[in-house]
Amino acid sequence: MTTLTSSRLLAPVGTAGKLFAFGLDVFRGLFRRPFQLREFLQQAWFIASVTIVPTALVAIPFGAVIALQVGGLIKQFGAQSFTGSAAVLAVVREAGPIATSLLIAGAGGSAIAADLGARKIREELDAMMVLGIDPIQRLVVPRVLATMLVAVFLNGLVSVVGVAGGYVFNVVLQDGTPGAYIASFTALAQLPDLWQGMAKAVVFGLIAAVVAAYKGMNAAGGPKGVGDAVNESVVITFMLLFVVNFVMSAMYFQLVPPKTG
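- In the nomenclature of an unreviewed UniProt entry, the protein corresponds to ABC transporter permease from the organism Nocardioides mesophilus.

So this is what it looks like as C-alpha cells:
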C-alpha cells in the first residue's frame, strides 16, 4: 500500500520530467535537416484559420472591460488624462498575451493533440520510426514553430483590437475625450512593454505546442485515449501558462523600471 501511494505521489514528477525531456528533444530537432517547410506553412495556416476569428471576438470584450474598469477607477482619482495609457498597459502587458494563450491552447493545441493522437493509435508514428524517420523532427518541430509564429501575430491582433475597443467604450460610455485617450498612450507605456507582450506570446505558443504534441504522441487506449489526451493537454497548458505569465511579469518588473508620468 505504501509503495502504491508513493508511486501515485511521484507520478506528476515523472510526467513533468518526461515533458521536459520531450521539450529538449524538440529543441534538438530544430537544428536537424531537412527542415519541413511545407509542413510548417500548412500548420501555420491551419492554426491561424482556427484561431484568428475567435481571438478577434475575444479581444473586443477584453478591451471593453479593461476600459470600463480602468476608466472608472482613474476617474475616482481625477486622472482621466491617463486612461488611454493605463488601458494600453493592461492590454499589451497582460490581456493580449493571456487571450492569445487561451485561444492557442484551446483551439490550436487541441488540434495538434488530436492530430498526433490519431496518428499514434493508428500506429503511424511507429511506422515512421521503423522507416528511420524521426516523428519529432518531421511532425512536432514544424507545429511548434508554426504555433509560436501565429501566437505573435495573434498577440498583435489582440493588442490592436483591444486598444481600439477600449477607445470606443471610453469615448462612448465614459464621456472620454478622443484626443486625450490617444495622446496619453506614451504617458506610462514604453516600448519594452510591447516587447514583453511579444516575448510572452512566443513562450506561450511554445508551451502550448510542446504540451499538446507530448500528450498527443503519448495517447493510448483508442479514440477515448485521444480525447483524454486533448483534454489533459488543454488543462496542463492553462496551468503552465498562468504560472509562466506570473514569473515573466515578475522578472520584467525587476529588470525594467516603470515609466513615470
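### Notes on the overall build of the protein
- In terms of regular secondary structure, the protein is built from nine helices and zero strands.
- Order of helices (α) and strands (β) in the protein, N terminus to C terminus: α-α-α-α-α-α-α-α-α.
- Of all 261 residues assigned to the protein, the portion counted as buried reaches 42%.
- Taking the contacts inside the protein whose residues are at least 6 apart along the sequence as the reference set, 86% of them involve residues at least 24 apart.
- Summed over its atoms, the accessible surface of the protein is roughly 13,500 Å², and 73% of this surface lies on carbon and sulfur atoms.

### Let's talk about the pattern of salt bridges
- This structure, assessed with the given rule, holds 11 salt bridges.
- Note that R138 is salt-bridged to E39, the shortest N-O span being 3.5 Å. With R138 in helix α5 (residues 135–173) and E39 in helix α2 (residues 37–76), this pair connects stretches of sequence that are 99 residues apart.
- Among the residues examined, R138 registers a relative accessible area of 27% and is labelled partly exposed.
- Look at E39 and you get buried, because its relative accessible area is 11%.
- Among the salt bridges present, the one from D115 reaches R143, with a minimum N-O distance of 2.6 Å.

### Regarding the packing of α5 against helix α8 (residues 191–217)
- Where α5 contacts α8, the two axes come as close as 8 Å, and the packing angle between them is 145°. Crossing of α5 over α8 shows right-handed handedness. Where α5 abuts α8, its residues P135, I136, V140, R143, V144, T147, M148, A151, V152, N155 and G156 lie against G197, M198, A201, V202, G205, L206, A209, V210, A213 and M217.
- Here the residues of the contact of α5 with α8 are counted per class, giving 15 nonpolar, five polar and one charged.

### Details of the packing of aromatic side chains
- Inspection of the entire model under this criterion finds three aromatic pairs.
- The interplanar angle of 50° and the centroid separation of 5.9 Å between the aromatic rings of F35 and F40 together place this pair among those described as tilted.

### Some points on the UniProt feature "transmembrane region" (unreviewed entry) in the protein
- Under the UniProt annotation, "transmembrane region" (unreviewed entry) lies at residues 45–68, 144–169, 194–214 and 234–255.
- When the span residues 144–169 is considered, its composition is 100% helix and 0% strand, and the gap between its end C-alpha atoms is 37 Å.

### Considerations on α5
- If you check α5, its first and last C-alpha atoms are 53 Å apart, about what 39 residues at 1.5 Å a residue would give, namely 57 Å.
- At V141, α5 is bent by approximately 30°, the largest bend along its length, and proline P142 sits one to four residues beyond.
- With a side-chain oxygen positioned 3.2 Å from the backbone nitrogen of I136, the residue opening α5 is D134.

### A few points about the side chain of Q36
- Relative to the assigned elements, Q36 resides in the loop between α1 (2–29) and α2.
- Discounting chain neighbours no more than four positions away, the residues touching Q36 are Q137, R138 and P142.

### What to know about unusual backbone geometry
- Following R33, the chain continues into P34 via a peptide bond in cis, with omega recorded as 5°.
- Checked against the element boundaries, P34 lands in the loop between α1 and α2.
- A positive phi angle is found at E123, which is not glycine, with a value near 65°.
- Mapped onto the elements of the fold, E123 is located in the loop between α3 (83–121) and α4 (124–130).

### What to know about the packing of α8 against helix α9 (residues 222–255)
- Orientation of α8 relative to α9, taken along the N-to-C sense of each, is 155°, at an axis distance of 9 Å. Judged by the inter-axis angle, α8 sits roughly antiparallel to α9. The chirality of how α8 crosses α9 is right-handed. Every residue of α9 that contacts α8 at P192, D193, Q196, A199, K200, V203, F204, I207, A208, V211, A212 and K215 is listed here: A229, E232, S233, I236, T237, L240, L241, V244, N245, M248, S249 and Y252.

### With respect to the environment of V161
- Position of V161 relative to the elements: it lies in helix α5.
- Expressed as a C-alpha distance, the spacing of V161 and T55, which sit 106 residues apart in the sequence, is 9.5 Å.
- Leave out the neighbours within four places in its chain, and V161 touches A56, A59 and I60.

### Quick look at the environment of L125
- As for its placement among the helices and strands, L125 is situated in helix α4.
- Put simply, L125 and M217 are 92 residues apart on the chain and 8.0 Å apart in space, counted from C-alpha to C-alpha.
- Apart from the residues within four sequence positions on either side, L125 is in contact with L116, R119, K120, P135, L139 and M217.

Reading the values: the criteria
Residues numbered from 1 in each chain as written. Predicted model: local features only at pLDDT ≥ 70, side-chain atom pairs only at ≥ 80, totals over all residues. Heavy atoms only, no water. Helix = DSSP H or I, 4+ residues; strand = E, 2+ residues; numbered from the N terminus. Buried < 20%, exposed > 50% of the residue type's maximum accessible area, 1.4 Å probe, protein only. Contact = heavy atoms within 4.5 Å. Areas by Shrake-Rupley, 256 points an atom, 1.4 Å probe, with all protein chains shown as cover. Salt bridge = Lys/Arg side-chain N within 4 Å of Asp/Glu carboxyl O. Axes fitted to C-alpha atoms, helices over the stretch in contact; angles between N-to-C directions. Left-handed = near helix turned anticlockwise from the far one by under 90°. Nonpolar A, V, L, I, M, F, W, Y, C, P; charged D, E, K, R; others polar. Phe/Tyr/Trp six-rings, centres within 6.5 Å; stacked < 30°, edge-to-face > 60°. UniProt positions renumbered as here; feature names shortened; annotations may be inferred. Expected span 1.5 Å × (residues − 1). Bend = angle between axes of the 7 residues up to and from the residue. Polar contact = N/O pair within 3.5 Å; in protein donor to acceptor, adjacent residues only side chain to side chain. Parallel < 35°, antiparallel > 145°, perpendicular 65-115°, else oblique.

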